[in-house]
Amino acid sequence: MDRDWDLKAMHRLMVSSATFRQSSQVSPESLSIDPENTWLARSPRIRLQAEAVRDVALTVSGLLTPKIGGPSVYPPQPEGVNALAYGSSAWPTAKGPDRYRRGLYTYMKRTAPYAGFMVFDAPTAEVTCVRRIRSNTPLQALTLLNDPVFMEATKALAMRTQQQGGRVAKKIEYLYMACLSRLPDNTEKDHVVDFFNQMTDHFNTNQIELEKILPEESDISEEDRPELAAWIAVCRVVLNLDEMITRG
């Protein structure tokens with residue numbers, strides 16, 4: 001009322017407030033005084049909504065198209081999703097910038113909703129949804145690992161990571177900061193460096209797998225190809241972390 005019913009101003013006030021922006025880490029004092037978080041002493045740790053899960057991956061990879069407005073788009077999804085839909089309508093997968101629009105602009109067919117959103121509990125368009133249910137299923141992890149959108153985001157993120165200056169450990173710090181907004185601790189860094197080295201050795205001796213995992217449009221030099229493939233493997237792991245899709 002004090003802002004003449006300006007909803008944008010109200011939303012800005014809410015998301016910029018100290019309560020909304022606080023950490024989900026719990027101190028012993030806070031836990032003993034307010035175990036149920038009735039006083040909002042800490043942020044709830046919840047998984048992001050379906051559209052945001054995809055948007056975050058596109059953002060950190062540098063693929064997200066920031067355009068606002070316009071008609072719905074058809075981002076990539078596994079083949080056959082629309083096969084049993086009413087009318088058997090085609091899914092004309094978008095090309096160019098429209099391929100990476102925010103989830104808000106994804107075309108929603110009532111009898112065959114976008115598969116990547118359904119996996120993460122997005123509602124269908126058949127009935128009104130008053131509250132989204134959050135589940136935790138193995139299919140969600142498989143989607144983050146193998147869905148066409150997430151694979152494209154993984155490869156783009158790997159190329160950005162490889163292009164960073166410095167040694168492997170420095171590039172891992174960049175990757176963690178870009179995806180998780182924090183630096184890795186020493187244990188995490190050592191594990192990721194070991195994994196990167198293992199993957200580099202693996203792709204140096206497995207040409208067939210190397211060709212399968214590299215981006216088709218990549219013009220990277222022959223000697224750098226195993227390293228890029230190793231970074232793709234590392235980025236798949238990071239993008240699949242619970243921390244990546246959890247608001248903390």
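Here, every reference points to the structure presented above.
Below is a short write-up of the structure. (Residues numbered from 1 in each chain as written. Predicted model: local features only at pLDDT ≥ 70, side-chain atom pairs only at ≥ 80, totals over all residues. Heavy atoms only, no water.)

### Some words on the overall build of the chain
For the chain, the count of helices and strands is 11 helices and 2 strands. Secondary structure elements of the chain occur, N-terminal to C-terminal, as α-α-α-β-α-α-α-α-α-α-α-α-β. Counting only C-alpha atoms and orienting by the principal axes, one finds that the chain spans roughly 65 × 55 × 35 Å. Across the 248 residues in the chain, those meeting the buried criterion constitute 36%. Sequence separation of at least 24 residues holds for 61% of the intrachain contacts in the chain that already meet a minimum separation of 6. Of the roughly 15300 Å² that the chain leaves accessible, carbon and sulfur atoms contribute 55%. (Helix = DSSP H or I, 4+ residues; strand = E, 2+ residues; numbered from the N terminus. Buried < 20%, exposed > 50% of the residue type's maximum accessible area, 1.4 Å probe, protein only. Contact = heavy atoms within 4.5 Å. Areas by Shrake-Rupley, 256 points an atom, 1.4 Å probe, with all protein chains shown as cover.)

### Structural notes on helix α9 (residues 186-204)
Relative to the 27 Å expected for 19 residues at 1.5 Å per residue, α9 spans 27 Å between its end C-alpha atoms, a close match to the ideal helical length. All buried positions along α9 are accounted for by K189, V192, V193, F196, M199, T200 and F203. Considered in projection along α9, the buried side chains sweep an arc of 130° and stay on one side of the axis. Of the exposed residues in α9, the ones pointing more than 90 degrees away from its buried face are T187, H191 and D201. The inward-facing, buried residues of α9 abut α8 (168-180), α10 (207-213) and α11 (225-239). (Expected span 1.5 Å × (residues − 1). Arc of directions from axis to C-beta.)

### Some words on the packing of aromatic side chains
In this structure the tally under the stated criterion is 6 aromatic pairs. Each ring, one from Y114 and one from F117, has its centre 4.8 Å from the other, and the planes form 75°; the classification is edge-to-face. Y114 sits in the buried class, given a relative accessible area of 2%. We classify F117 as buried; its relative accessible area is 2%. Counting every residue linked through ring pairs, the aromatic cluster contains Y74, W91, Y107, Y114 and F117. (Phe/Tyr/Trp six-rings, centres within 6.5 Å; stacked < 30°, edge-to-face > 60°.)

### Topic: a nonpolar patch on the surface
Nonpolar side chains collect at one region of the surface, where M10, L13, M14, V15 and F20 lie side by side and expose about 440 Å² of accessible area between them. Per-element tally for the nonpolar patch: the top contributor is helix α1 (residues 7-15), with 4 residues. Relative to the assigned elements, L13 resides in helix α1. (Patch = residues over 30% accessible without salt bridge, like charges linked within 9 Å, V, L, I, M, F, W, Y side chains within 5 Å. Salt bridge = Lys/Arg side-chain N within 4 Å of Asp/Glu carboxyl O.)

### Notes on the packing of helix α7 (residues 148-162) against α11
Between two packed helices, the angle of one axis relative to the other and the distance separating the axes together describe the packing. Contact geometry of α7 with α11 gives a least axis separation of 8 Å together with a crossing angle of 120°. Here α11 runs oblique to α7, going by the angle between their axes. As for how α7 packs across α11, the hand of that crossing is right-handed. Contacts from M151, A153, T154, K155, L157, A158, M159, T161 and Q162 of α7 reach α11 at E227, L228, W231, I232, C235, R236 and L239. A class-by-class count of the residues in the contact of α7 with α11 yields 10 nonpolar, 3 polar and 3 charged. (Axes fitted to C-alpha atoms, helices over the stretch in contact; angles between N-to-C directions. Parallel < 35°, antiparallel > 145°, perpendicular 65-115°, else oblique. Left-handed = near helix turned anticlockwise from the far one by under 90°. Nonpolar A, V, L, I, M, F, W, Y, C, P; charged D, E, K, R; others polar.)

### Some words on unusual backbone geometry
Despite not being glycine, N37 has its phi angle at roughly 60°, a positive value. Here N37 shows up in the loop between α3 (28-33) and β1 (46-47). Positive phi outside glycine occurs at D121, with the angle close to 70°.

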